[in-house]
Amino acid sequence: MLFTKRDLGRLVWPLIGEQILSVTVGMADTVMVAYCGEAAMSGVALSDSISFLLLQVFAALCTGGAVVVSQHLGRGDGESAGRAAGQLVWVTGGVALVMGGAGLIFRVPLLHGIFGGVEQAVMDQALAYFTVISFSFPFLGVYNAGAALLRSIGATNVSLWIALLMNGINVAGNALLIYGWGMGAAGAALASLVARAVAAVAILAFLWHRHTPFSLRRGLFCPPQARTVATILRIGVPSGIENGMFQIGKLLVQRLVASFGTVAIAANAAAGNIACIATIPGSAISLALLSVVGRCMGARNPDEAALDTKRLLKAAFLSMLALNVGVWLLLGPIVGLYNLSGPTREATVQLMHWHCVFAALLWTPSFCLPSALRGAGDVSFTMKVSIASMWAFRIGGSYVLAQGLGLGVLGVWMAIFLDWGFRAILFFIRFKQGKWRTREVLR
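Residues numbered from 1 in each chain as written. Predicted model: local features only at pLDDT ≥ 70, side-chain atom pairs only at ≥ 80, totals over all residues. Heavy atoms only, no water.

Chemist: Help me understand the overall build of the chain in this model?
Modeler: For the chain, the helix and strand inventory stands at 16 helices and 0 strands. Relative to its 443 residues, the chain shows a buried fraction of 59%. Here the contacts in the chain between residues at least 6 apart in sequence split such that 84% fall between residues at least 24 apart. In the form shown here, the chain has an accessible surface area of approximately 17400 Å², with 67% of it arising from carbon and sulfur atoms. (Helix = DSSP H or I, 4+ residues; strand = E, 2+ residues; numbered from the N terminus. Buried < 20%, exposed > 50% of the residue type's maximum accessible area, 1.4 Å probe, protein only. Contact = heavy atoms within 4.5 Å. Areas by Shrake-Rupley, 256 points an atom, 1.4 Å probe, with all protein chains shown as cover.)

Written out as structure tokens, the structure reads:
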């Protein structure tokens, strides 16, 4: 067997630590910005909803690269894995550079076009944050590519330490620039820029100098490989379309939330931030499934891929259940960290109570199962289901429940839960049918 239970544990635990760091530092960002007022907090939330859309495009390329590298390693072909790794870094870094430039050039019409109805104070903070954070996209693209490569070889402990470094710099920078220099949202963005730049350099330095199953150094100096890039794109483009459409859906929903006023925006931002805590183990296992299934399918062993998927899904479900119970019980103190006004606090608590219930029940099959399917190369199906579900439930349902039935921001979250349920059913059926077993990534 390629992976024992102990191997899976060694892969997943550092990823959980990395997700904890990501979420807690994300919370620290929001809490620190909230010190400057709800307008600053809302502005950062609106800017992030756009930047996440841009970032998902090259994050999808990392998905394609991780699958290709993992399957080459599963076949014992380190040379081809090295070429794929080098191409992944170049393509992802180049796309991220274009995305950063586009963000800078079009930031004003973009923010005003989507969120033109918000208060001027919120818009000012959103523009200040987005202007600076756009410079960090190329560094984040390279970092994500490096992290995907580390996951493909099981070196998740290394990505954990680099994430610790990045997030430590981010928190320290926030403390200095927000509290010390009073830079508000722009200070939070500048701290993130420095942290991402350091992380990108660190992760490339490790892959360059350390012995790995593939040679990144040789892969980076390899001439462009059209076939390798095409294979990465064959996996990455559907994932990119899926992720991009998903983020567009979130933007449309965010625009709807923005129409309900600053209280709704702040409550939605705070609840969304806290909700990330409740999905930490699922997010980590979702990342692990991509590499595990990829390695198994590269070794032409779909039976082990199915077995490892079931093991990891069981671990995800049990850990999500336990964690969401804990979040529910500690919700009062957690929400208290955000320095929210009375109405905003009440709305945040209400949203999180509902989220804890549905995250425990539906998040694992809705998001972990498609990662397993992507690892096998079954990306077209996951794309079609995700896009259809988003438009029918997340977007359509939001307008029906939030506006039509007058539920406000709670209606938006109810529509999200409907989206999760639909996705979970179809992905479960697809996995049981076993069509993913016959997918060919490397031709």
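Chemist: What should I look at first to understand the packing of aromatic side chains in this one?
Modeler: Following the criterion strictly, the structure yields 8 aromatic pairs and no others. Taking the centre distance of 6.2 Å and the plane angle of 85° together, the rings of F367 and W420 count as edge-to-face. Here F367 is found in helix α14 (residues 342-375), whereas its partner W420 is found in helix α16 (residues 409-433), with 53 residues between them in sequence. According to the relative accessible area criterion, F367 is buried, its value standing at 18%. Overall, W420 belongs to the buried group, its relative accessible area being 5%. Three or more aromatic residues link up through ring pairs in this structure, and these residues are W354, F358, W363, F367, F417 and W420. Its end group placed over the ring of F367, R423 keeps NZ or CZ at 4.6 Å from the ring centre. If you follow R430 out to its NZ or CZ, it ends over the ring of F381, 4.3 Å from the centre. (Phe/Tyr/Trp six-rings, centres within 6.5 Å; stacked < 30°, edge-to-face > 60°. Lys NZ or Arg CZ within 6 Å of the ring centre and 35° of its normal.)

Chemist: What is the right way to read the environment of L401 from this model?
Modeler: Structurally, L401 can be placed in helix α15 (residues 379-404). Beyond its immediate sequence surroundings of up to four residues, L401 is in contact with G406, L407, G408, G411, M414, A415 and L418.

Chemist: Sorry, what's going on with unusual backbone geometry here?
Modeler: Outside of glycine, negative phi angles account for most residues, and trans bonds account for most peptide bonds. With phi around 60°, R300 is a residue other than glycine that occupies positive phi space. As for its placement among the helices and strands, R300 is situated in the loop between α11 (280-298) and α12 (302-329).

Chemist: Which parts of the structure should I look at to understand the side chain of T348?
Modeler: Looking at the secondary structure, you find T348 in helix α14. Residue classification places T348 among the buried positions, given a relative accessible area of 0%. Those residues in contact with T348, other than ones at most four positions away along the chain, are A267, A270, A271, I274, V335 and L340.

Chemist: Sorry, what's going on with the packing of α15 against α16 here?
Modeler: If you want to describe how two helices pack, look at the angle between their axes and the distance between the axes. Relative to each other, α15 and α16 sit at 155°, their axes nearing to 8 Å. One finds that α15 runs roughly antiparallel with respect to α16. The handedness of the crossing between α15 and α16 is right-handed. A per-class count over the contact of α15 with α16 returns 15 nonpolar, 6 polar and 4 charged. (Axes fitted to C-alpha atoms, helices over the stretch in contact; angles between N-to-C directions. Parallel < 35°, antiparallel > 145°, perpendicular 65-115°, else oblique. Left-handed = near helix turned anticlockwise from the far one by under 90°. Nonpolar A, V, L, I, M, F, W, Y, C, P; charged D, E, K, R; others polar.)

Chemist: Help me understand a nonpolar patch on the surface in this model?
Modeler: A contiguous nonpolar surface patch, about 840 Å² in accessible area, is contributed by F317, L318, L321, V325, W328, L329, L330, V357 and L361. Secondary structure elements with two or more residues in the nonpolar patch: α12 and α14. A per-element tally of the nonpolar patch places α12 first, with 6 residues. With respect to the helices, strands and loops of the structure, F317 is situated in helix α12. (Patch = residues over 30% accessible without salt bridge, like charges linked within 9 Å, V, L, I, M, F, W, Y side chains within 5 Å. Salt bridge = Lys/Arg side-chain N within 4 Å of Asp/Glu carboxyl O.)

Chemist: Sorry, what's going on with the side chain of N268 here?
Modeler: Mapped onto the elements, N268 comes out in helix α10 (residues 262-275). Overall, N268 belongs to the buried group, its relative accessible area being 14%. Only 2.8 Å separates the side chain of N268 from the side chain of W413, close enough to count as a polar contact. Each residue touching N268, except ones within four places of it in the same chain, is listed here: Q254, V257, L351, V409 and W413. (Polar contact = N/O pair within 3.5 Å; in protein donor to acceptor, adjacent residues only side chain to side chain.)

Chemist: Even after reading the chapter, I still don't get the pattern of salt bridges, so can you show me in this structure?
Modeler: For the structure on display, the rule yields 4 salt bridges. Two residues, R437 and D303, come together in a salt bridge whose shortest N-O distance is 2.7 Å. Residue R437 is found in the segment after α16, and its partner D303 is found in helix α12; the two are separated by 134 residues along the sequence. For R437, a relative accessible area of 32% translates into the label partly exposed. The class of D303 is exposed, set by a relative accessible area of 54%.

Chemist: Is there a simple way to explain α16 in this structure?
Modeler: Over its 25 residues, α16 runs 37 Å from end to end, which matches the ideal 36 Å to within 8%, given 1.5 Å per residue. Among the residues trailing α16, G434 stands out with phi positive, at a value near 80°. (Expected span 1.5 Å × (residues − 1).)

Chemist: Would you explain the packing of α12 against α14 in this entry?
Modeler: Running from amino to carboxyl end, α12 crosses α14 at an angle of 165°, the nearest separation of the two axes being 9 Å. With respect to α14, the axis of α12 lies roughly antiparallel. Remark: the crossing between α12 and α14 carries right-handed chirality. In terms of residue class, the contact of α12 with α14 is made up of 17 nonpolar, 5 polar and no charged.

Keep in mind these values describe shape, not function.
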